[in-house]
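# Reading the structure
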Amino acid sequence: MATENQETLLVPLDNYLKAGLHIGTKFRTKYMAPFIYKVRNDGLSVLNVQEVDNRINIASKFLSQYAPEDILVVCRRENGWQAVRLFSKATGVRVFAGRYTPGALTNANLKEFFEIKLLIVTDPWPDKNIVDDALTLGIPVIALCDTNNTSNGIDFVVPCNNKGKKSLGLIFWIFANEYLKNRKLGILKATIEDFCAD
């Protein structure tokens with residue numbers, strides 16, 4: 001990758017590579033094919049880092065248009081719980097780390113009921129139920145998608161390794177940093193290492 005391209009990335013290229021953000025799975029769907037740079041000898045897909053960064057940047061700007069109370073982040077995958085909780089702590093955005101309560105967005109009779117204007121899911125497969133609810137309600141969905149994901153019901157795909165703790169930590173650190181910066185809410189005090197720690 002050329003030096004001038006690296007200067008435009010949200011974080012140094014080395015951060016992306018260390019977090020394994022660009023390493024996909026051996027399984028590839030047609031939805032994710034445009035984001036795949038190459039396939040390694042061991043069969044794992046490698047995502048185009050420049051495109052991943054570009055998509056994170058677009059998603060960050062879109063996210064920043066919404067107040068914290070209008071956003072929900074859902075992460076059923078345990079590897080992302082720490083990252084989404086730190087994101088919530090930094091931004092005030094509500095998160096579900098674990099199982100989403102069925103009907104929380106669609107059944108006004110539930111005590112857990114609340115309304116949102118934007119949904120972010122860390123993986124549209126395990127988070128399928130809330131993606132379906134958002135689709136029913138016309139709520140835009142940003143999804144972190146690995147090479148094995150489909151994009152049904154997704155408004156905006158952020159291609160990435162959505163299974164690795166470090167990868168998810170880096171993405172949510174960037175989201176938090178960009179959200180605070182774009183909304184002029186101060187500086188993120190937590191480090192990338194805090195978001196990615198074991």
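Residues numbered from 1 in each chain as written. Predicted model: local features only at pLDDT ≥ 70, side-chain atom pairs only at ≥ 80, totals over all residues. Heavy atoms only, no water.

### Considerations on the packing of aromatic side chains
Put simply, the rule reads: Ring pairs are drawn from Phe, Tyr and Trp, using the six-membered ring of Trp, whenever the two centres fall within 6.5 Å, and their geometry is named by plane angle: stacked under 30 degrees, edge-to-face over 60, tilted for the rest. Where helices and strands are cited, they refer to DSSP runs of H or I of at least four residues and of E of at least two residues respectively, numbered from the N terminus. When a residue's accessible area, from a 1.4 Å probe over protein chains only, is under 20% of the maximum for its type it is buried; when over 50% it is exposed; and in between it is partly exposed. Any Lys NZ or Arg CZ that is within 6 Å of a ring centre and within 35 degrees of that ring's normal is treated as a charge sitting over the ring.
The final tally for this structure, using the stated rule, is five aromatic pairs. Judged by centre distance (5.6 Å) and plane angle (65 degrees), the ring pair of Phe87 and Phe172 falls under edge-to-face. Separated by 85 residues along the polypeptide, Phe87 in helix H4 (residues 81–91) and Phe172 in helix H6 (residues 165–182) bring together distant segments of the chain. Neither residue differs from the other here; Phe87 and Phe172 are each classed as buried. Pairing Phe96 with Phe114 gives two aromatic rings, centres 6.1 Å apart and planes at 35 degrees, and the pair type is tilted. In this pair, Phe96 sits in strand E4 (residues 94–97) while Phe114 sits in the loop between E4 and strand E5 (118–121), placing the two residues 18 residues apart along the sequence. Put simply, the rings of Phe87, Phe172 and Phe175 pair up and form one aromatic cluster. Over the face of the ring belonging to Phe114 we find Arg94, whose NZ or CZ atom lies 3.7 Å from the ring centre.

### Observations regarding the packing of H4 against H6
Helix packing for two helices is described by the angle between their axes and how far apart those axes are. Put simply, the test is: Axes here refer to lines fitted to C-alpha atoms; in helices the fit is confined to the stretch in contact. Angles between the N-to-C directions go from 0 to 180 degrees. Angular relationships are summarised with four words: roughly parallel below 35 degrees, roughly antiparallel beyond 145, roughly perpendicular across 65 to 115, and oblique for the angles in between. In this analysis, two residues are considered to be in contact whenever any of their non-hydrogen atoms come within 4.5 Å of each other. Each residue gets one label: Ala, Val, Leu, Ile, Met, Phe, Trp, Tyr, Cys and Pro are nonpolar, Asp, Glu, Lys and Arg are charged, and the others, such as Gly, are polar.
Where H4 contacts H6, the axes come no closer than 8 Å and their chain directions differ by 10 degrees. As the angle between them shows, H4 and H6 are arranged roughly parallel. Residue-level contacts link Gln82, Ala83, Val84, Phe87, Ala90 and Thr91 of H4 to Lys165, Leu168, Gly169, Phe172, Phe175, Ala176, Tyr179 and Leu180 of H6. Looking at side-chain class alone, the contact of H4 with H6 contains 10 nonpolar, three polar and one charged residues.

### Quick look at the nonpolar core
Short version of the rule: By nonpolar core we mean a set of buried residues, namely Ala, Val, Leu, Ile, Met, Phe, Trp, Tyr and Cys, connected to one another through side-chain atoms within 4.5 Å.
Grouped together as the largest cluster of nonpolar side chains are 64 residues, with contacts concentrated most on Tyr16, Ile56, Phe87, Leu119, Phe172 and Phe175. For this core, the element with the most residues is H6, which contributes 10 residues. Not counting the four nearest positions on each side in its chain, Leu119 is found in contact with Leu72, Val74, Ile130, Val131, Ala134, Ile139, Pro140, Val141 and Ile142.

### Some details on the pairing of strand E3 (residues 71–75)
Selection rule: Two strands form a pair only when DSSP identifies at least two bridges running between them.
With five of five residues buried, E3 is to be regarded as a mostly interior element. Because side chains alternate across E3, one face comprises the buried residues Ile71, Val73 and Cys75, and the other comprises Leu72 and Val74, equally buried. In this sheet, E5 lies alongside E3 in parallel orientation, the contact comprising four bridges. Opposite Val73, over in E5, you have Ile120 as the bridge partner. Sheet topology note: the E3/E4 ladder contains four bridges and is parallel. Paired with Cys75 across the strands is Ala97, a residue of E4.

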